[in-house]
Amino acid sequence: MNRFYLTTPIFYVNSTPHIGHAYTTIAADILVRHHGQRGEDTFFLTGTDEHASKVYRVAEERGLDAKVFVDQIVEENWRPLPGRVGAEPDFFIRTTDEGHKRVVQEFIERIRANGHIYEGTYSGLYCVGHETFISEDELVDGKCPDHGTVPEYIEEQNWFFRLSDFQQPLLDLYDERPDFVLPGFRYNEARSLIEAGLEDFSISRQGQPWGVSIPWDPEQVTWVWVDALINYLSALTYARPGEDLRDRYWPEVRHLIGKDILRLHCVLWPALLLAAGYSLPKQIFVHGFLLLDNRKISKTIGNVIDPLDLVDSYGVDPVRFWAARAVPFGQDGSVSLDSVHERYEKELANDLGNLLSRTTAMLVKYRDGHIPDSESLIEAATIDELRTNVANRLDVFDITGALDAIWDLVRQLNKLVTDTKPWELAKDDANAAQLDRVLYTLADGLRASAVALAAYLPETSPRILEALGQPVDLAWENVAVGKTVPTGGIEAAQPLFPRLEAPATAA
Ligand code: MSP
């Protein structure tokens, strides 16, 4: 059986979630649900990155003990996030979990035992926004261009990782696996970073009370990025008590990340894994940023759309639909509240919602609530092709392209109504067989669309199937022609997406 283990980045908890975080979570959930529909053994991990200095600082500012602060913000704001966007992770990791800390320590002990760690002095600039060291030439007017803040100068005795030793092994990896990083332009970007040369770096920080202590030097804590990356592995050791899921899901792992953390995932993480003697992930997919007024949505910048406000106004599925559709997944794209509303009205309410309302209304009016025992006017090959096409696209994380392909079917069904004019057919009994075929095609096409859309619209798809009196069986092979059971008792469906006022929230 195929295994599909997918991760999101774990989120910093210095403040509350915004739509940029929900974006990754929604995309990941769509992919995992889809692979589940294909009968694969899936595992979906998300969680929180809690040992950052910026997290510690916010706790200090509020006069709170760091652990008290993170417990509060994680339980109130972060743990509920996946559920609020209809996502169902299999485990929510917190880097303050004892199970995680234990694995971090084991991991860095292994790297040390393998001879990849030495003691040295670090001096240079550190950007707390990124939680990484930053070089002079990356600064603009003396400030970090992403955060607009002046980095701190740090000079301390640290433990260093011999990243420079891994340049050739990483180049070999990239040569052997041209799909290690997707999309292709991100693969090239990562490869160029490696070609440009790799410098050793410090994996520890001194004088910080907050973090996972270095096992052989308790005066120091593990640099937060090393601590964080290891979550993808550590979670598997304690997500299911008494079971080590590493045997089952490692290295069948795919990481979904934003482009700002490419170097850490595509260069540093594989090097750390090689150093510790672990196999490497299957794939890393790098997505772009959602931009608002062409600036990244960010807590530091303050131009934040609260995903939960959007969900409160539109519901879970419209927000998921918009996230998958508004911006081609992988690229950057500008978003506005108006675009959520427009897609809701034009595509969800009109294209899909009206199609179900019209279809069920016609079944009631012309066939007394029965789906006739007939055959589809859509050729089997057309839907077979759709089924393969959508799966192929989702295999390369193209959630936008796959949704486009499904939407073509929804449009085709609407066109069928316009072209065949069932209300005209109904006027003459001589057309009864043709009307049967049209009605069956609509019901069957909607059923197949609902199964295909289930990963995107987990609340709506079952409602469509139920309105058509069909079993809620989301197995991927049901994206096919002629699987609709002729049945009675169909009633005119309630609107799937009722009319709403234009956006007022979070403007
Ligand atoms: N804690 C690190 C990740 C550690 S993973 C081992 C981190 N956290 S974060 O909370 O700052 O960001 C998490 C993810 O959210 C990143 O992938 C980032 O790219 C993504 N996004 C944050 N803002 C975003 C947008 N405006 N648009 C899309 N995604 C963005 O980095």
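Preceding this paragraph is the structure being described.
Right, let's walk through the structure included here. (Residues numbered from 1 in each chain as written. Predicted model: local features only at pLDDT ≥ 70, side-chain atom pairs only at ≥ 80, totals over all residues. Heavy atoms only, no water.)

Examining the overall build of the chain
- Of regular secondary structure, the chain possesses 19 helices and 17 strands.
- Relative to the 2.2 N^0.38 estimate, which gives 23 Å for 507 residues, the radius of gyration of the chain is 26 Å and therefore close to what a compact globule would have.
- Along the longest, intermediate and shortest principal axes, the C-alpha atoms of the chain span 90 × 45 × 40 Å.
- Looking at the chain as a whole, 57% of its 507 residues qualify as buried.
- Long-range pairs, those at least 24 residues apart, make up 78% of the contacts in the chain between residues at least 6 apart in sequence.
- For the chain, the separation between the mean place of its 48 positive charges and that of its 77 negative charges on side chains is 3 Å. (Helix = DSSP H or I, 4+ residues; strand = E, 2+ residues; numbered from the N terminus. Rg over C-alpha atoms; globule rule 2.2 N^0.38 Å. Buried < 20%, exposed > 50% of the residue type's maximum accessible area, 1.4 Å probe, protein only. Contact = heavy atoms within 4.5 Å. Lys, Arg positive; Asp, Glu negative; His and termini not counted. Charge placed at Lys NZ, Arg CZ, Asp CG, Glu CD.)

Quick word on helix α11 (residues 262-276)
- Between its terminal C-alpha atoms α11 stretches 21 Å, which fits the 21 Å expected from 15 residues at 1.5 Å a residue.
- L268 marks where α11 bends most, by close to 35°; the proline P270 follows one to four residues later.
- For α11, the buried fraction is high: 13 of the 15 residues fall into the buried class.
- Positive phi shows up at G277, right after α11, with a value of about 85°. (Expected span 1.5 Å × (residues − 1). Bend = angle between axes of the 7 residues up to and from the residue.)

Notes on the environment of L496
- Inspection of the secondary structure assignment puts L496 in the segment after α19 (460-467).
- Along the primary structure L496 and A87 are separated by 409 residues, whereas in three dimensions their C-alpha atoms are 20 Å apart.
- In contact with L496, other than residues within four places in its own chain, are L352, G353, L356, T460, R463 and I464.

A word on unusual backbone geometry
- The peptide bond linking L182 to P183 adopts the cis configuration, its omega dihedral lying at -10°.
- Considering the arrangement of structural elements, one finds P183 in the loop between β8 (181-182) and α7 (184-195).
- With an omega dihedral of 10°, the bond running from W250 to P251 counts as a cis peptide bond.
- As for its placement among the helices and strands, P251 is situated in the loop between α10 (246-249) and β13 (253-258).
- One non-glycine residue, E131, adopts positive backbone phi at about 55°.
- Relative to the helices and strands, E131 is located in the loop between β5 (117-127) and β6 (132-134).
- Residue classification places E131 among the buried positions, given a relative accessible area of 0%.
- With phi around 45°, K421 is a residue other than glycine that occupies positive phi space.
- With respect to the element layout, K421 can be found in the loop between α16 (399-420) and α17 (422-425).
- The exposure class assigned to K421 is partly exposed, which follows from its relative accessible area of 37%.

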